[in-house]
Amino acid sequence: MEVKYVSTRNKDDVKTASQAILQGLAKDGGLYVPTEIPKLDIPMEKLGEMTYQEVAYEVMSRFFTDFTEEELKCCINSAYDSKFDTEEIAPLVKAHGAYYLELFHGKTIAFKDMALSILPYLMVTSAKKNQVKNDIVILTATSGDTGKAALAGFADVPGTKIIVFYPKDGVSPIQKQQMVTQTGENTFVVGIDGNFDDAQTGVKKMFNDSELAKELDEAGYQFSSANSINIGRLIPQVVYYVSAYARLLHNEAIQPGEEINVAVPTGNFGNILAAYYAKQMGVPIDRLICASNSNRVLYDFFSTGNYDRQREFQLTMSPSMDILISSNLERLIYRILDNDPAKTKAAYQALNEEGSTDIGKELLSVKVPDFYGNFASEDETKATIKAVYEDTGYVIDTHTAVAAAVYEKYKADTKDTKTTVIASTASPYKFTRSVMQAIGQDHPELSDTSAR
Ligand SMILES: *Cc1c(COP(=O)(O)O)cnc(C)c1O
């Protein structure tokens, strides 16, 4: 069965996987979604005996149906290698009544590495498959973390160059050092006068400049983007949920067919959407627990059916979740609206023009009862880091702690005792100051790599 990719805003914009990866965002501003979620037609027991890379092949080959076995295996093996500090790639750690799925064993010790380590290879392969002769030039605007993960992913990948733009005075000293010390013949980092939005606007202008595109083409280059709406980032994230379930089963932590819950610290809605896709593939997942920090726009959406971005932006100690426009949510809204591009387009027009869009609480509870949304305040997040540490000695980072805190609220609300996997999205060493403060040992000489 061939899986194609269609824009959430235009039913006539249909692409192959490799074309969708090359393109990133659809021309009409929509996001590419698989026309069908393929079923995982291999027994979980069998997956439980496989390596991470083998599971990755089983999952991705069902989505990226225009890649050959050799192409896909080459991408997977180039991505998930000794760059990761453990052969398991994404280990599960049992602590404090849940399983923490550690997604931070890659180069930048945070979960963006899971997708950004394979995206460059998927892109280069896609370019070859579509007879693109040009080198791919990735343009990225960053407020800190994504820039480093993208640089690390694309460094010295043949056929690519990457240019990262960051606000000169808008990133932490450590973030800046991480970016400007990036090795690789093909990596470029530019500090701009202005803020993140200015960087983003400048990058968008370059993407839309047809004169520039022509000039580049003549010189043998073309632009592409590595942002989190690319399906080449989304699909690799499905893998670790499949692999986590298979390993729990293999280790007899659960019985065949037993349902689990998944709790995810959420910003742009990519990670949790990947868990939803894993569920659609057939992984026995019951609830998807969507955890927000005090930028609780998603919690409000799941409790009212209204997505309202008109609110004050809060700076928190989980900065990668400080987001008011959760771009991947469009893929879920498309699904809630019966995969209807006209309805999705209208919903997003309202969001852009009026600042909010009402999907309706009723519709939400009928179409996606799988999701549970809640949020954790800064104090609740800190208290959770402390409690997990004092109970077990296990240290979690500020983002993961938001999910752990929300999971506690979920249990209190529902009395549900199912085995639960919490996505652990960053190493605690990345947010040392906040983590140490939470544990009760403030060290002013430390800083969070992502402090703003
Ligand atoms: C990006 C990020 C998140 C949010 O993930 P989304 O896929 O955007 O929802 C959570 N935690 C960390 C550490 C991140 O870097």
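To start, this report covers the structure provided alongside it. (Residues numbered from 1 in each chain as written. Predicted model: local features only at pLDDT ≥ 70, side-chain atom pairs only at ≥ 80, totals over all residues. Heavy atoms only, no water.)

Overview of helix α3 (residues 52–63)
- The terminal C-alpha atoms of α3 lie 17 Å apart, and with 12 residues this matches the ideal 16 Å at 1.5 Å per residue to within 8%.
- Judged by how many residues are buried, α3 sits mostly within the fold: 11 of 12 residues are covered.
- Every buried residue of α3 is listed here: Y52, Q53, V55, A56, Y57, E58, V59, M60, S61, R62 and F63. (Helix = DSSP H or I, 4+ residues; strand = E, 2+ residues; numbered from the N terminus. Expected span 1.5 Å × (residues − 1). Buried < 20%, exposed > 50% of the residue type's maximum accessible area, 1.4 Å probe, protein only.)

Examining the sheet that holds strand β3 (residues 32–34)
- A sheet is described by the order of its strands in space; here three strands give the open sequence β2-β1-β3, paired in antiparallel fashion. The open sheet has two edge strands, β2 (10–15) and β3, and neither has a second partner. On average, each strand axis in the sheet is inclined to that of its neighbour by 40°, with strand direction left out of account.
- Sheet analysis places strand β1 (residues 5–7) next to β3, joined by three bridges and oriented antiparallel. Note on β3: the bridge partner recorded for Y5 is P34. (Pairing = 2+ DSSP bridges. Axes fitted to C-alpha atoms, helices over the stretch in contact; angles between N-to-C directions.)

Overview of unusual backbone geometry
- The backbone phi angle of F269 is positive, close to 70°, even though this residue is not glycine.
- Residue position: F269 is located in the loop between β10 (260–265) and α12 (270–281).
- F269 sits in the buried class, given a relative accessible area of 1%.

Digging into the nonpolar core
- Ranked by internal contacts, the top residues of the largest apolar core, which has 105 residues, are M60, F64, Y80, Y241, F269 and L332.
- For this core, the element with the highest residue contribution is helix α11 (residues 231–250), accounting for 13 residues.
- Excluding residues within four positions of it along the chain, M60 makes contact with L72, I76, Y80, I118, I235, P236 and V239.
- Residues M321, Y394, V402 and I439 belong to the second largest nonpolar core, which totals 28 residues. (Core = buried A, V, L, I, M, F, W, Y, C linked by side-chain atoms within 4.5 Å. Contact = heavy atoms within 4.5 Å.)

Thoughts on the packing of α3 against α11
- Axis separation between α3 and α11 bottoms out at 9 Å; the angle between their running directions is 130°. Judged by the inter-axis angle, α3 sits oblique to α11. Both α3 and α11 take part in a crossing whose hand is right-handed. Contact with α3, carried on its side by Y52, V55, A56, V59, M60 and F63, involves I235, P236, V238, V239, Y240, V242 and S243 of α11 and no other residues of that element. (Parallel < 35°, antiparallel > 145°, perpendicular 65-115°, else oblique. Left-handed = near helix turned anticlockwise from the far one by under 90°.)

Focus on empty space enclosed by the protein
- Throughout the structure, instances matching the rule amount to two cavities of 30 Å³ or more.
- The volume enclosed by the largest cavity comes to roughly 60 Å³.
- What lines the largest cavity is simply K83, F84, G106, K107, D113, L116, S117, A149, A152 and G153.
- For the lining of the largest cavity, the secondary structure elements donating two or more residues are α5 (112–116) and α7 (145–154).
- Here the lining of the largest cavity is built from residues that sort into four nonpolar, three polar and three charged.
- Volume-wise, the second largest cavity comes out at about 50 Å³.
- Every residue lining the second largest cavity is listed: T266, G267, S292, N295, V297, L298, Y307, M321, I323, L324, I325 and S326.
- Split by residue class, the lining of the second largest cavity holds seven nonpolar, five polar and no charged. (1 Å grid on protein atoms, 1.4 Å probe; cavity = no way out; pocket = protein on both sides within 12 Å on 5 of 7 lines; lining within 4 Å. Points joined across faces, edges and corners; volume = space filled by probe spheres on them. Nonpolar A, V, L, I, M, F, W, Y, C, P; charged D, E, K, R; others polar.)

Here's the deal with the pattern of salt bridges
- The full count for this structure, using the stated rule, is 20 salt bridges.
- The partner of E88 in a salt bridge is R247, and the shortest N-O contact between them spans 3.5 Å. In this pair, E88 sits in the loop between α4 (69–79) and β4 (92–95) while R247 sits in helix α11, placing the two residues 159 residues apart along the sequence.
- On the basis of relative accessibility, which here comes to 44%, the residue E88 falls in the partly exposed class.
- Note on R247: relative accessible area 16%, which makes it buried.
- Measuring nitrogen to oxygen at the nearest pair gives 3.0 Å for the salt bridge that ties E380 to K409. Of this pair, E380 sits in helix α17 (residues 378–392) while K409 sits in helix α18 (residues 398–414), and the two are 29 residues apart along the sequence.
- A relative accessible area of 32% means that E380 is categorised as partly exposed.
- Several salt bridges share partner residues, and in doing so they unite D41, E58 and R62 into one network. (Salt bridge = Lys/Arg side-chain N within 4 Å of Asp/Glu carboxyl O.)

Without other data, these values stay purely geometric and don't point to any function.
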